[in-house]
Amino acid sequence: MNANTQNQSAVMSDTPKPVVKPSEIQVKNVSKSYGAGLFEKQVIKDCSFTIERNKLTVMIGPSGCGKSTLIRLLAGFEKPTAGTIELDGKRITGPGRDRLVVFQESALFPWMTTHDNIMYGPKARRENTKQNRGLAEYLLEKVGLSAFRAKYPPQLSGGMQRRAELARAMINNPDVMILDEPFRGLDCMSKELMWEYYSGLFEESHRTNFFVTTDIDEAIFLADRLLIMSNIPGQVRETIEVDLPRPRRLAFVFDDDRAIAVKMEALSILHKEAMKSFSGGSKAASDFVEAYSKRSAAAETAEQ
Amino acid sequence: MNQNQTADLLKRSMPFQTVPGEMLEAIAKLARYESYARGDVIYHQGDFADDVFIVSSGAVQHTLGIGFQATHPEKIVRSGGVFGWAAVLDNQRTRMAKTVCMERTELIRINGEELINFFKATPETGDIVMSRFATMINKEYTMPEEVAGHVPHFTQVPVTVATGLSLTMFRLSQWLKSPKPYLMMTGFGILLATWYLAVEVWKLPRFADMPGLTTVMKEWFSKDPVYGLSIWTPEYYQHIWVSVRRILIAFFLATVLGVPLGLFLGWSKTFREYVFPVFETLRPIPILAWVPLAIIMFQGSETPVIFLTFLASFYATALNTMLGVETIDESYSRAAACLGASKWQVFREVIVPGAMPFMFTGLQISIGVAWFSLVAGEMVAGEYGLGYVINTSYTMVRYPTIVIGMITLGIVGYVSSALVRMAGDYMMQWRVRELALGGR
Ligand SMILES: Nc1ncnc2c1ncn2[C@@H]1O[C@H](COP(=O)(O)OP(=O)(O)O)[C@@H](O)[C@H]1O
Ligand SMILES: [Mg+2]
């Protein structure tokens, strides 16, 4: 049945289009601590949210708030101290091929060419089929690396490496794709190109996507839903639906009033969280932050 | 902080992790210890970048200056963390950030220039350290790639190298262009001249019985050698062949057994806990101490010698392979597992190629110690071979032949090391490119 639909799509267009099975992930009251006793450090505390079907969910939060920790839990490499994570109602207990995770620190294998890196997933699962080889060519073309197929990763620029990483993940056609700061370290220009490029890929398949970032513009440009994290121990502080039309274009998105409103809202929450981390637990400082936020809230209502 | 503590700290920091022990101590000598109070500014943006810093304890806030693109313009560096790497960049020797101590902080600083000069003398290690700096710049500091391009590299390798053979040829041509061959010839010249003068001209007291340069050369190239061994006699080649054959067998066994053992030691924690203590207890025993047992354990004269040769090689190979596995970044295994690789596939496709660079370092050490223990073995238990030639020539007072044996040993040993190195170049083309560096 599955093979059948795949054949059909291959017949319908000559570029092999992946067939996506919509999935949903539910994170329920998850906590995670490291160490024990005196050295215990709580990184995530009673965190709940849903990564909705066919949507691009973006999580943004100050660095060190536990985003990468959460990703490791979603990947199944670590287990939550409390709470559960379910994929389509089934509890996640370990790594699985239904989710494809690109870790913050993950990198291409330096001992394989770009092409072999991209084909690694299919080969590892013994699916070195004609269809997958075709898909690899298609993706190489899509990420603009056809000419670099035989090069080794150290010979590629940072932007090229990121694109190759994306292609390496995408070829596996996972139900859910999870990415941890995949465009970190790129300069402004290539970053903006990557956003347009990545949201184009999403619009093509509407695969369930979860994307972690620290960059507010990136978050707003990409997101259907925006989750804002609290400071450590991490928790989802706020969910914002970003109902900007797709396909999105840079110029258009950043002139849009709705986009600017969302950005302001997100920034004020992030700012509050950042102030808390700055006060670093000192009573006087946190009192100050509270008084300050009350005053600015009062000023806002007065203005209206 | 004493030298050992400094070396330990270096070992914990990302760029120096893989540097061998004695080199770490040498680098530790370059380091200066300093402590700062809370609020002290270590440097401002725009200052001249002289030193690289490694935090021992405390916390340093690192704020990138305006004009430098970064996703995390601020970060906190703690124990084991490295900052101030602008000091090792080419043409980029100004501070790009401001650093302030957030609490009482102890750190060591190393002058960038001195570090680079140090690495010029040891280009292989230098490039590994520098490629780690480059990775750090790309990954942690999320700086534009162009900065990584300023990281110096020492072994000069063009990115267009296509095969291992052309790499070897390239190295050769680089070597010929460098002053090294002439320095080498001068070195040999001085050695030979000293030998000639000491023995044959000045006739120094303790050198009276020593065979002189001309005597040895005459004997070595003579068609009718006085003591029966020269390049014209078949026995000469028979001795060489017997030694080479022993080395081949022992090196082959050491590789075939040592590489898998090293891989498993590095890969499986449980296996390691069983085997490693035994391994570490046996390893420091000098090969000569094994001679009596080897003779008792094995029959004939051939097997004990091969066993002794094997033993030292085996330790070197296994240990370096194990270290190689340990240095592989865990993120590679994770990425592979996420892409659907089984545990066994991770081993074959990530651990094995990832450990390859250290493995070949191990094999080079291995071939060296193989010759060392071969000669020891042949002197005691051999019937043929270069070690045997040296030993019997001594007892039979054929002094020039001793020297012929020694020189031959040096040449054959050097050739075998070179062959292992070529094999390594051939099998690790990706590595060569990584060392070519910085994503260029
Ligand atoms: N294995 C671990 N052991 C102890 N602490 C950890 C571990 N992993 C992460 N942490 C801590 O959890 C916090 C959050 O880290 P991380 O999830 O990487 O944050 P983010 O990705 O949001 O920047 C950090 O303060 C870090 O020190
Ligand atoms: Mg992170």
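All values reported here derive from a predicted model rather than from experimental measurement.

A word on the packing of aromatic side chains. Counted by the stated rule, this structure contains 27 aromatic pairs over all chains. Pairing Phe77(A) with Phe103(A) gives two aromatic rings, centres 5.7 Å apart and planes at 55°, and the pair type is tilted. Remark: Phe103(A) occurs in the loop between strand 6 (99-102) and helix 3 (114-118) and Phe77(A) occurs in the loop between helix 2 (67-75) and strand 4 (82-87); sequence separation between them is 26 residues. Judged by its relative accessible area of 2%, Phe103(A) is buried. Here the aromatic rings of Phe310(B) and Phe314(B) are separated by 5.2 Å at their centres, their planes lie at 25°, and the arrangement is stacked. You can see Phe310(B) and its partner Phe314(B) sitting in helix 12 (residues 302-327), 4 residues apart, about one turn around the helix. Assessed through its relative accessible area of 12%, Phe310(B) is described here as buried. In textbook terms, an aromatic cluster arises when at least three aromatic residues are bridged by ring pairs, as seen for Phe264(B), Trp267(B), Phe271(B), Trp344(B) and Phe347(B). The ring of Phe276(B) carries the charged tip of Arg272(B) above its face, separated from the ring centre by 5.0 Å. Sitting above the plane of the Phe77(A) ring, Arg334(B) keeps its charged end 5.0 Å from the centroid.

The subject of this paragraph is the confidence of the model for chain A. When the pLDDT values of chain A are averaged, the result is 81; 83% of them are 70 or greater. Scored below 50 in pLDDT, residues 1-15 of chain A shows 5 contacts in the model against residues more than four places distant or in partner chains.

Residue and element names in this part refer to chain A. Protein coordination of the magnesium ion (ligand 2) is provided by Ser 68 (OG) and Gln 104 (OE1), with donor distances spanning 2.1 to 2.2 Å. With Ser 68 in helix 2 and Gln 104 in the loop between strand 6 and helix 3, this residue pair connects regions lying 36 residues apart in the sequence. With relative accessibility at 23%, the residue Gln 104 sits in the partly exposed group.

Below, the discussion takes up the side chain of Arg109(B). Residue and element names in this part refer to chain B. Within the secondary structure, Arg 109 is located in strand 8 (residues 105-111). Side-chain polar atoms of Arg 109 contact the side chain of Asp 51, separated by 2.5 Å. Sequence-distant contacts of Arg 109, that is, excluding residues within four places in its chain, are made with Leu 30, Ala 31, Arg 32, Glu 34, Tyr 36, Asp 50, Asp 51, Val 52 and Phe 53.

Judged by nonpolar contacts, the single largest core of 103 residues is most densely connected at Phe109(A), Leu166(A) and Leu226(A). At 15 residues, helix 14 (residues 343-381) of chain B tops the list of elements feeding residues into this core. With near-sequence residues (within four places) excluded, Phe109(A) lies in contact with Asn117(A), Tyr120(A), Pro153(A), Arg168(A), Tyr332(B), Ala335(B), Ala336(B) and Val350(B). Counting 30 residues, the second largest nonpolar core, distinct from the first, contains Leu10(B), Phe16(B), Ala31(B) and Leu64(B).

Let us look at the site of ligand 1. All names here are of chain A. Surrounding ligand 1, one finds Tyr 34, Lys 41, Val 43, Ser 63, Gly 64, Cys 65, Gly 66, Lys 67, Ser 68, Thr 69, Arg 72 and Ile 232. Lys 41 is positioned such that a nitrogen or oxygen atom in its side chain is 3.0 Å from an oxygen atom of ligand 1. The backbone of Gly 64 places a nitrogen or oxygen atom 2.7 Å from an oxygen atom of ligand 1. Across the complex, the protein chains shield 65% of the 560 Å² of accessible surface that ligand 1 would expose by itself. Of all the elements in the fold, those that place two or more residues in the shell around ligand 1 are strand 2 (41-51) and helix 2. Ranked by residues supplied to the shell around ligand 1, first place goes to helix 2 with 4 residues. Grouping the amino acids of the shell around ligand 1 by side-chain chemistry returns 4 nonpolar, 5 polar and 3 charged.

We now examine the side chain of Arg246(B). Residue and element names in this part refer to chain B. Relative to the helices and strands, Arg 246 is located in helix 9 (residues 234-267). At a separation of 2.7 Å, a polar atom in the side chain of Arg 246 contacts the side chain of Glu 378. Other than its neighbours up to four places away in sequence, Arg 246 contacts Glu 302, Val 305, Ile 306, Leu 374, Glu 378, Gly 382, Glu 383, Tyr 384 and Gly 385.

Right, let's talk about the state of the cysteines for a bit. Residues and elements named next belong to chain A. For the structure on display, the rule yields 0 disulfides over all chains. Between Cys 47, a free cysteine, and Cys 65, which holds the nearest cysteine sulfur, the sulfur-to-sulfur gap is 9.3 Å. According to the relative accessible area criterion, Cys 47 is buried, its value standing at 0%.

All names here are of chain B. Per-residue confidence for chain B gives a mean pLDDT of 82, with 86% of residues at or over 70. Here helix 5 (residues 145-148) stands out as the least confident element of chain B, with mean pLDDT 50; helix 9 is the most confident, with 94. Confidence drops under a pLDDT of 50 for residues 141-146, and excluding neighbours within four residues, the segment shows 28 contacts in the predicted structure. Within the model, the stretch residues 155-162 combines pLDDT values under 50 with 19 contacts to residues more than four positions away or in other chains. Reported confidence for the predicted complex is 0.75 by ipTM and 0.64 by pTM.

Conventions and cut-offs
Along each chain, numbering runs from 1 in the same order as the chain's sequence is written. Whichever chain is written first becomes A and whichever ligand is written first becomes 1, with later ones labelled in order. Totals for whole chains, interfaces and linings use every residue, but because this is a predicted model, local features are given only for residues with pLDDT of at least 70 and side-chain atom pairs only at 80 or more, for both listing and counting. The basis for the side-chain values is all heavy atoms of the structure; hydrogens and waters are excluded. Here is the rule: rings of Phe, Tyr and Trp (six-membered ring for Trp) pair when centre to centre is within 6.5 Å. Planes less than 30 degrees apart are stacked, more than 60 are edge-to-face, and the remainder are tilted. A run of DSSP states H or I qualifies as a helix once it reaches four residues; a run of E qualifies as a strand once it reaches two. Both are numbered from the N-terminal end. When a residue's accessible area, from a 1.4 Å probe over protein chains only, is under 20% of the maximum for its type it is buried; when over 50% it is exposed; and in between it is partly exposed. Placement of a charge over a ring requires the Lys NZ or Arg CZ to be within 6 Å of the ring centre, with the centre-to-atom vector within 35 degrees of the ring normal. Values of pLDDT, ranging from 0 to 100, describe the predictor's confidence in every residue of the model. Note on contacts: a residue pair qualifies if any of its non-hydrogen atoms lie within 4.5 Å across the two residues. Coordination here is defined by N, O and S atoms within 2.8 Å of the metal (3.2 Å for Na, K and Ca), and since water is not considered, a site can look incomplete. The definition of a polar contact used here is a pair of N or O atoms within 3.5 Å, where within protein one atom must be able to donate a hydrogen and the other to accept one, and adjacent residues in sequence count solely through side-chain atom pairs. The nonpolar core is taken to be a set of buried Ala, Val, Leu, Ile, Met, Phe, Trp, Tyr and Cys residues, with the residues joined through side-chain atoms within 4.5 Å. The cutoff for a nearby residue is simple: one of its non-hydrogen atoms must lie within 4 Å of the molecule or strand. All accessible areas in this document rest on Shrake-Rupley with a 1.4 Å probe, and a residue is counted as covered only by the protein chains that are shown. When residues are sorted by character, Ala, Val, Leu, Ile, Met, Phe, Trp, Tyr, Cys and Pro go into the nonpolar class, Asp, Glu, Lys and Arg into the charged class, and all the rest, Gly among them, into the polar class. Disulfides are defined as cysteine sulfur pairs within 2.5 Å.

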